[in-house]
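Summary of structural features
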Amino acid sequence: MGEHISTILNALAEPNRLQIVELLRKEPLSVGEIAERLNLLQPATSKHLRVLSNAGLVKVEAVANQRIYRLKPHPFQELDTWLESFKHIWDERFDRLDEYLRLLQDGN
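Residues numbered from 1 in each chain as written. Predicted model: local features only at pLDDT ≥ 70, side-chain atom pairs only at ≥ 80, totals over all residues. Heavy atoms only, no water.

Section: the overall build of the protein chain
The helix and strand inventory of the protein chain stands at six helices and three strands. In the protein chain, the order of α-helices and β-strands from amino to carboxyl end is α-α-β-α-α-β-β-α-α. For a compact globule of 108 residues, the expected C-alpha radius of gyration is about 13 Å, and the protein chain comes in at 20 Å, more than 25% above that figure. Across its three principal axes, the protein chain shows a C-alpha extent of roughly 70 × 30 × 20 Å. When the 108 residues of the protein chain are sorted by exposure, 25% land in the buried category. Across the protein chain, contacts joining residues at least 24 apart in sequence account for 49% of those joining residues at least 6 apart. Just so you have it, the protein chain exposes about 7,800 Å², and 52% of that area is on carbon and sulfur atoms. Across the protein chain, 14 positive and 16 negative side-chain charges occur, with their mean positions spaced 9 Å apart. (Helix = DSSP H or I, 4+ residues; strand = E, 2+ residues; numbered from the N terminus. Rg over C-alpha atoms; globule rule 2.2 N^0.38 Å. Buried < 20%, exposed > 50% of the residue type's maximum accessible area, 1.4 Å probe, protein only. Contact = heavy atoms within 4.5 Å. Areas by Shrake-Rupley, 256 points an atom, 1.4 Å probe, with all protein chains shown as cover. Lys, Arg positive; Asp, Glu negative; His and termini not counted. Charge placed at Lys NZ, Arg CZ, Asp CG, Glu CD.)

Re a nonpolar patch on the surface
A surface patch of nonpolar side chains, about 380 Å² in accessible area, is lined by Leu97, Tyr100, Leu101 and Leu104. Along the chain, Leu104 falls in helix H6 (residues 87-107). (Patch = residues over 30% accessible without salt bridge, like charges linked within 9 Å, V, L, I, M, F, W, Y side chains within 5 Å. Salt bridge = Lys/Arg side-chain N within 4 Å of Asp/Glu carboxyl O.)

Quick word on the pattern of salt bridges
According to the stated counting rule, one finds three salt bridges in the structure shown. Across the pair Arg25 and Glu22 runs a salt bridge, and its minimum N-O distance is 3.4 Å. Of this pair, Arg25 and Glu22 both sit in helix H2 (residues 15-26), three residues apart, roughly one helical turn. In this structure, the salt-bridge partner of Glu27 is Arg37, at a minimum N-O distance of 3.0 Å.

Examining the nonpolar core
Core analysis: the biggest nonpolar cluster contains 19 residues, and Leu12, Ile20, Leu24, Ile34, Leu49, Leu52 and Leu57 have the highest contact counts within it. Elements with a minimum of two residues in this core: helix H1 (3-13), H2, helix H3 (31-38) and helix H4 (42-54). (Core = buried A, V, L, I, M, F, W, Y, C linked by side-chain atoms within 4.5 Å.)

As for the side chain of Thr45
Mapped onto the secondary structure, Thr45 falls in helix H4. Accessibility expressed as a relative area gives 0% for Thr45, which makes it buried.

Brief notes about the sheet that holds strand S1 (residues 29-30)
Across the sheet, which stays open at both edges, the three strands sit in the order S1-S3-S2 with antiparallel pairing between neighbours. Unpaired on one side and paired on the other, S1 and strand S2 (58-63) mark the two borders of the sheet. The pairing of S1 with strand S3 (residues 66-71) spans two bridges and is antiparallel. The residue bridging Ser30 from the neighbouring strand is Ile68, located in S3. (Pairing = 2+ DSSP bridges.)

Printed below as a string of structure tokens:
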């Protein structure tokens, strides 16, 4: 597994950070909006956002006196590509299961 994928997965492993990503998936939000929606303190929210930013998952934009966070698509595409590389394993296992079920059915 690439180091960047590991960093992404570690960042997403924390439940509050995963919830932040889910919120940002819908729309860009300020730190205050995220804190309010998740019932977190603003300093804790900022720390979570810093981890997500360091992992390359979010970008921040200054708008007036607010910092607006939005998801960066590339890391999620990278993660999707990595997960897709496991698809052949699952397909192979399902094929073997289908074959086994057919053998059981033919035996009865």
